[in-house]
Number of protein chains: 2
Amino acid sequence: MPAALMDRQTVLDKIFAAFRTYGYEGTTLARLSEATGLGRASLYHHFPGGKEQMVREVLQLAQAALQRDVVGPLEGTGTPHARVRRMIENLKTLYANGEASCVINLMGVGEAGETFRGELSATTEVWLQGLERTLKAAGIRAAAARKLAIDTVVRIEGSLVVSRAIGDPSVFIRALGESERELEQALGAG
Amino acid sequence: MPAALMDRQTVLDKIFAAFRTYGYEGTTLARLSEATGLGRASLYHHFPGGKEQMVREVLQLAQAALQRDVVGPLEGTGTPHARVRRMIENLKTLYANGEASCVINLMGVGEAGETFRGELSATTEVWLQGLERTLKAAGIRAAAARKLAIDTVVRIEGSLVVSRAIGDPSVFIRALGESERELEQALGAG
DNA sequence: GTCTATAAGCAGATAGAC
DNA sequence: GTCTATCTGCTTATAGAC
């Protein structure tokens, strides 16, 4: 039953890509229409709340992806080496080897940042607290776990910004390598 | 001679603040007019190239500020402790204790990022190579100096993103503390 | 050097046909 | 569920008076 030419999830993925490439103000309905292949009016049929609703759903998607693809592998089974490895590989994919930006960064800019304050904070905390939880479960003390979680996210966000600024995604790749070593060691020693 | 109600430098400072708060697309001429107190037409008198010219001048300003307030203190006289201390204090001021964003991050978003690719890369390299130069002058090997320079900028950019995302500027302040220790130790041992 | 007025186009959003 | 057509307001940018 090809009732819908495109699954809602597929449409939302394309919308996600647009917002994290062009930012909130830079993502016009014309661009969203081109990206999804849907007319502007059709977009309003699926998202009556317009861009604002789209971003809220995008941030929900980001939250789910962080839990599933980043925190999940770390909480899974296997040696610390294998679990950290899976997380790092998924981060590489999520951020297109350092060529993509993070929606947490882009949606935090300007008035959008105020509009989506709660969602942005919640999405980031899923990531931070997910890392923190796993580290504590491995025997690391609370303060050290929170610090390592923040350091990890800070390094990823920062390396994406610097990669983009100097046009060199290897900054992101190297940063992932450092977080990999750091987390593996922490989990191994925990 | 109060020929100009406001010095060009003062006007540009307010334009700078607007762009790094709202991003390129979010900074409308209406906002720039409000921020500077100049009518839209007056802005075009001073910047015939419009927003694009303004951003180019803003990035020049950022480049000068990074050299003067960040790299400069490190290259100055005094103990490693004192020089690093001055740099860190200036970074705190430049980023309003973690409440402000970095223009290198915001101007890299979307189409603006392509328009200003060269200027963004040049501005970031002033920072990176300035740190690198000082570290090498202190006896640190080239590869380690470049790595530490990148780590420093990555940590600052990342901590600003995370601070904004969770609404907690202390992430930025703590990150500065870590860079302070790291750089002081590197310069002391160099 | 600043202003008012205005142009031309694009933004987000809606109505209603099919 | 998608479309065409349309509306209103805001966008960048310019012309020309003072």
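This structure is a prediction, so every number in the text was calculated from the model and none was measured.

Chemist: Please set out the overall build of chain A residue by residue, giving values where relevant.
Modeler: In terms of regular secondary structure, chain A is built from 10 helices and zero strands. Beginning at the N terminus, the succession of helices and strands in chain A can be written as α-α-α-α-α-α-α-α-α-α. Counting all 190 residues of chain A, 51% fall into the buried class. On chain A, roughly 8,600 Å² of surface is accessible, and the fraction owed to carbon and sulfur atoms is 52%. The distance from the centre of the 22 positive side-chain charges to the centre of the 22 negative ones in chain A is 2 Å.

Chemist: Go over the confidence of the model for chain A, please, and point to the residues and values.
Modeler: In the predicted model, chain A carries a mean pLDDT of 96, and 97% of its residues have values of at least 70. Mean pLDDT across the elements of chain A bottoms out in helix α10 (residues 170-189) of chain A (96) and peaks in helix α9 (residues 142-166) of chain A (99).

Chemist: Please set out the interface of chain B and chain A residue by residue, giving values where relevant.
Modeler: Every contact between the two is made by 35 residues of chain B and, on the other side, 35 residues of chain A. For the chain B and chain A pair, buried surface summed over both sides reaches about 2,500 Å², with 69% attributable to carbon and sulfur atoms. If you sort the residues of chain B by the area they bury against chain A, Val 154, Ala 165 and Ile 166 of chain B come out on top, with a joint share of 19%. Scanning the region where chain B abuts chain A turns up four salt bridges. Here Glu 178 of chain B and Lys 147 of chain A are joined by a salt bridge, their closest N and O atoms 3.7 Å apart. Taken together, chain B and chain A are joined by nine residue pairs in polar contact (both at pLDDT 80 or more). When its residues are assigned to classes, the side of chain B that touches chain A shows 14 nonpolar, 10 polar and 11 charged.

Chemist: Report on the relation of the copies chain B and chain A, specifying residues and quantitative values.
Modeler: Turning chain B through 180° and shifting it by 0.0 Å along the axis lays it on chain A, with an RMSD of 0.0 Å. In short, the pair behaves as if placed about a two-fold rotation axis. In terms of C-alpha distance to the rotation axis, chain B has Gly 158 of chain B as its closest residue, with the C-alpha 1.7 Å off the axis. An overlap of 100% is found between the interface residues of chain B and their copies at the interface of chain A, pointing to a shared contact surface.

Chemist: With reference to specific residues and values, describe the protein's contact with DNA strand D.
Modeler: Surrounding DNA strand D, one finds 14 residues, the nearest of these being Gly 39, Ala 41 and His 46 of chain A together with Leu 29 and Tyr 44 of chain B. The sugar-phosphate backbone supplies 61% of the atoms of DNA strand D found within 4 Å of the protein. Within the side chain of His 46 of chain A, one N or O atom sits 2.6 Å away from a phosphate oxygen of DNA strand D. Contact between DNA strand D and Lys 51 of chain B: a phosphate oxygen at 3.2 Å from a side-chain N or O atom of the residue. Where the surface near DNA strand D is concerned, the elements lending two or more residues are α3 (40-46) of chain A together with α3 (40-46) and α4 (50-75) of chain B.

Chemist: Which residues make up the nonpolar core, and what are the values?
Modeler: Within the largest apolar cluster, 33 residues are counted, with the highest numbers of intra-cluster contacts made by Met 87, Leu 91, Tyr 95, Trp 127, Leu 131, Leu 135 and Ile 156 of chain A. For this core, the secondary-structure elements that each account for two or more residues are α4 (50-75), α5 (80-94), α8 (117-137), α9 and α10 of chain A together with α9 (142-166) of chain B. Top contributing element to this core by residue count: α9 of chain A, with eight residues. Once residues within four sequence positions are removed from consideration, Leu 135 of chain A is found in contact with Ile 140, Ala 145, Leu 148, Ala 149, Leu 183, Ala 186 and Leu 187 of chain A. Counting residues in each nonpolar core, the second largest holds 32 residues, with Leu 74, Ala 145, Ile 150 and Leu 176 of chain B among its members.

The rules behind each value
- Residues numbered from 1 in each chain as written.
- Chains lettered and ligands numbered in written order.
- Predicted model: local features only at pLDDT ≥ 70, side-chain atom pairs only at ≥ 80, totals over all residues.
- Heavy atoms only, no water.
- Helix = DSSP H or I, 4+ residues; strand = E, 2+ residues; numbered from the N terminus.
- Buried < 20%, exposed > 50% of the residue type's maximum accessible area, 1.4 Å probe, protein only.
- Areas by Shrake-Rupley, 256 points an atom, 1.4 Å probe, with all protein chains shown as cover.
- Lys, Arg positive; Asp, Glu negative; His and termini not counted.
- Charge placed at Lys NZ, Arg CZ, Asp CG, Glu CD.
- pLDDT = per-residue confidence, 0-100.
- Contact = heavy atoms within 4.5 Å.
- Buried area = accessible area lost by both parts, 1.4 Å probe.
- Salt bridge = Lys/Arg side-chain N within 4 Å of Asp/Glu carboxyl O.
- Polar contact = N/O pair within 3.5 Å; in protein donor to acceptor, adjacent residues only side chain to side chain.
- Nonpolar A, V, L, I, M, F, W, Y, C, P; charged D, E, K, R; others polar.
- Least-squares fit on C-alpha atoms with pLDDT ≥ 70 in both.
- Near = heavy atom within 4 Å.
- Core = buried A, V, L, I, M, F, W, Y, C linked by side-chain atoms within 4.5 Å.

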